[in-house]
Amino acid sequence: MITPTAPRYAGLDGLRAVAVLIVVLYHLFPAWFLRSGFVGVDVFFVISGFLITSLLLRERAATGRIALAAFWKRRARRLLPALAAVVTACASLAWLIGGDVLVGLGRQVLGAATFSYNWLAIAGGSTYFSAGEPELFRNLWSLAVEEQFYLVWPLMLPVLMLARRRWMRVGAALILAAGSATWAVGALASGATLTRAYYGTDTHAFGLLLGVALAFALDRSSSRMAGSATAGGATPTTGRAGIAVGMPLVGGAALIGLLVVSSWPDGASVYPAVPLIASVLTAVVIAAAVSPGSPLGRALDVAPLRWVGERSYGIYLWHWPVVVLLTIAATGTIVDTAIPLAVGVTALVVTLGASAVSYRVLEQPVRRLGARGAVRALGLRLRATPVRRFGAITVVAAGALGAVGTAAAVAAAPPVSSSEAVVQAGLEALAEASAAPAPNSTPAPPAASPTPRAPEPSASTSAAPGEAVPGALPPAPGVAARPPRADDGRPLPPVHTPVPGDRITAVGDSVMLASSGGLLDERPGMQIDAAVSRSMWQGGEIVQTLAAQGALRDYVVIGLGTNGPVDDEELQTLYDAVGPERCLVLVNAFAPRDWIDGVNTELTSFAATHPRVAVADWSRAIAPKVDLLAGDQIHPGPTGGAVYADTVAGALDALANRPADVGYRAGMVHWALAQAEGRVLDAR
């Protein structure tokens, strides 16, 4: 039995090109205007739902049935060759680079091989919208969603075809699409992570189902089979002719709208709204492009777009692992929000070249000849001319090396990333300090205490009658109220005394957590409250809670600038919570994040305009020593943690000894004036 070939629809290759370019530019140049470029994947989903359903409907109309085995075999021929090449080549290169890029590689390869990447990523706690993880094959989540659709949809289609009216089939598909989007909203409302809603096949199937609805709406074959001549009539009415004229304009507007949506700032925060809008616009573009004689279809079919569209599958597969590997090789860190322009351009060139070679050498031969036929053709090349033989040997050798390299990469993958390892070491240091006896007999809060969880933030701390005067600094131990003087009355320089750990409370994020061992070595007995993914807006509540419990000490260190921008209101809330009887040290931030410069500027400005506040310049201290950081260039290792601790200790001691330094300078001025006055009197 002959299976009908897939229909050729005008404009769809060009639309594929638009989709893949949106995604690639979003990933390779994240600082550009395509802030929601991830919606390119949703464009692919709608195209796939439309094409696969149209193909199945055409086959059913021609043969009266759907050959499931043949359909799945065609899908395997289309998807597996390029996928195998990408996974084996990039995994082997990752093995040569080593380090954090290998973390979780075994799970990723398994997900790629079984088309279950999205669910394995969800189970493993991965995230799509954080660039802080070097997941090599992160982009394969969408391929998994599509393949799961290809597996299930041919089984469901005959059920929907029981509805004899086209509008009923369209309505059923639209209801399913709406159900998927609603399910995503419900999942997020019930506490599911954004990645769970984004990666889940159930919560991200609306684009595929909108494509299904469009295929039902434009289908004529099923209507003719059902005997409905009017539904599939070939002669358009005057009204339909008017629609045919207007559709290209509507489709062009929808295409422009799609680009606008792709540029929407932080579209992930309103998931699934932005991808759903992009899916609807894509359906409109498809309907306009495939209408007979559509100028939009011809415009999208221009040669460059069609070339990219035909290779869009390979381009999508290659671009992400290529940019991950190139960024790590060039900068020594993981992919982040600011990929160097040269790296992005190089990745684009490599991606286009690799996808072109894959399309010609692997995808087309297997698609045309089948797997066995392609192997036989390769065998014939081995017995042909020297040039053909060399090409065949190269292909065989590359395949063998890729398989060996992939196995080696999976075997060499570390269990956790270097940043996770240093954070875990910090946790262990805190646990050890909590279990150790107090360094002195003075009652004090434990060296490491979990963050108290109060139901509501307490009021800001203020000085009570009889307590320290607002604006005064807690005196450093051993600092005399009046500085000692030499025999001639000259004030002697003060002896700086370090602030002991039992007078310090430190509240911070994972950077402070990774540095806990160094902090406790530098100032034993320090109270440290640090946690992963903590931001400055949480600092005020934590400090208020500690103050209300009587656990907040004289010197408060805050290191919460890594995970997001900081504003003056958050700092003022924190300052008020610390209260006028305590000192505050703000640790600035160092990370490959686009908000770090703004954070550090804000901290410096705040400290300059508020008494009892100082900045510990961690950024300046670690900038020339990035080799002391983990692979993410954020979290310090043991030696880096010592640098962090030394920076914090220096800021604390300078702040604590500031009154003595001020008194010394004032005393010197007075002494100098007295000496000058005495000389004047002597001269008289």
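Scroll up for the structure.
Residues numbered from 1 in each chain as written. Predicted model: local features only at pLDDT ≥ 70, side-chain atom pairs only at ≥ 80, totals over all residues. Heavy atoms only, no water.

Colleague: So, the overall build of the protein: which residues are in play, and what are the values?
Modeller: Secondary structure assignment for the protein yields 26 helices and five strands. Out of the 684 residues in the protein, the part that is buried amounts to 49%. In the protein, 79% of the contacts between residues at least 6 apart in sequence involve partners at least 24 apart. Of the accessible surface of the protein, which amounts to about 30,900 Å², a share of 65% is contributed by carbon and sulfur atoms. (Helix = DSSP H or I, 4+ residues; strand = E, 2+ residues; numbered from the N terminus. Buried < 20%, exposed > 50% of the residue type's maximum accessible area, 1.4 Å probe, protein only. Contact = heavy atoms within 4.5 Å. Areas by Shrake-Rupley, 256 points an atom, 1.4 Å probe, with all protein chains shown as cover.)

Colleague: Explain helix α15 (residues 312–331) to me, and be specific about the residues and the numbers.
Modeller: A rise of 1.5 Å per residue sets the reference length of α15, with its 20 residues, at 28 Å; its end C-alpha atoms lie 28 Å apart and thus fit the reference within 8%. Most pronounced at His319, the bend in α15 amounts to some 30°, and the proline Pro321 follows within four residues. Burial runs high along α15: 16 of the 20 residues are buried. Of the residues flanking the end of α15, it is Gly332, one or two places downstream, whose phi is positive at about 80°. (Expected span 1.5 Å × (residues − 1). Bend = angle between axes of the 7 residues up to and from the residue.)

Colleague: Explain the packing of helix α9 (residues 206–218) against helix α12 (residues 273–290) to me, using residue names and the numbers behind them.
Modeller: Between α9 and α12, whose axes approach to 9 Å, the crossing angle comes to 25°. Between α9 and α12, the interaxial angle falls into the category roughly parallel. Judged by the sense of rotation from one axis to the other, the crossing of α9 with α12 is right-handed. Residues Phe206, Gly207, Leu210, Leu214 and Leu218 of α9 touch α12, and the partners they reach there are Pro275, Leu276, Ser279, Val280, Ala283, Ile286, Ala287 and Val290. (Axes fitted to C-alpha atoms, helices over the stretch in contact; angles between N-to-C directions. Parallel < 35°, antiparallel > 145°, perpendicular 65-115°, else oblique. Left-handed = near helix turned anticlockwise from the far one by under 90°.)

Colleague: Which residues make up the pairing of strand β1 (residues 504–508), and what values go with them?
Modeller: When you tally the buried positions in β1, you get five out of five residues, the bulk of the element. Covered by surrounding structure in β1 are Ile504, Ala506 and Gly508 together with Thr505 and Val507, the residues of both alternating faces. Bridging between β1 and strand β3 (residues 555–559) involves five bridges; their strand directions are parallel. Counterpart to Ala506 in the pairing with β3 is Val557. (Pairing = 2+ DSSP bridges.)

Colleague: Could you give an account of a nonpolar patch on the surface, naming the residues involved and the relevant values?
Modeller: A surface patch of nonpolar side chains, amounting to about 520 Å² of accessible area, comprises Trp32, Phe33, Leu341, Val345 and Val349. Relative to the helices and strands, Val349 is located in helix α16 (residues 341–382). (Patch = residues over 30% accessible without salt bridge, like charges linked within 9 Å, V, L, I, M, F, W, Y side chains within 5 Å. Salt bridge = Lys/Arg side-chain N within 4 Å of Asp/Glu carboxyl O.)

Colleague: Please set out the pattern of salt bridges residue by residue, giving values where relevant.
Modeller: Scanning all chains against the criterion turns up 14 salt bridges. Between Arg196 and Asp202 there is a salt bridge whose closest N-O contact spans 2.9 Å. Judged by its relative accessible area of 29%, Asp202 is partly exposed. Between Arg534 and Asp529 there is a salt bridge whose closest N-O contact spans 3.1 Å. No difference in accessibility class separates Arg534 from Asp529, as the two residues are buried. What emerges from the salt-bridge pattern is a single network uniting Asp13, Arg16, Arg306, Glu310 and Arg311.

Colleague: Give a description of the side chain of Thr53 that names residues and reports values.
Modeller: Within the fold, Thr53 resides in helix α2 (residues 40–63). The buried category is assigned to Thr53, whose relative accessible area is 0%. If we ignore the near neighbours within four places in the chain, the residues touching Thr53 are Trp153, Val212, Ala215 and Phe216.

Colleague: Can you explain the nonpolar core? Please cite residues and give values.
Modeller: Core analysis: the biggest nonpolar cluster contains 111 residues, and Leu136, Phe137, Leu140, Trp141, Trp153, Phe216 and Ile286 have the highest contact counts within it. Setting aside residues up to four positions removed in sequence, Leu136 forms contacts with Cys90, Ala91, Ala94, Val101, Leu105, Gln108, Trp320, Pro321, Val324 and Leu325. Ranked by size, the runner-up nonpolar core spans 41 residues in total, among them Leu520, Cys583, Ile622 and Ile634. (Core = buried A, V, L, I, M, F, W, Y, C linked by side-chain atoms within 4.5 Å.)

Colleague: Kindly report on the pairing of strand β5 (residues 613–616), identifying the contributing residues and their values.
Modeller: Relative to β5, strand β4 (residues 583–587) runs parallel, the two being bridged by four bridges. Paired with Val585 across the strands is Ala614, a residue of β5.

Colleague: So what about the sheet that holds β3? Which residues, and what values?
Modeller: Spatially, the five strands line up as an open sheet ordered β2-β1-β3-β4-β5, and their pairing is parallel. Two strands bound the open sheet, and with one partner strand each, they are β2 (527–530) and β5. Neighbour-to-neighbour, the strand axes of this sheet turn through a mean angle of 20°, independent of strand direction. Lying over the sheet, helix α22 (residues 568–578) contacts β3, β4 and β5, oriented at roughly 145° with respect to β4. The sheet contacts of helix α23 (residues 596–608) involve β4 and β5, and relative to β5 the element is tilted by about 150°.

Such coordinate-based values are descriptive only and should not be taken to indicate function.
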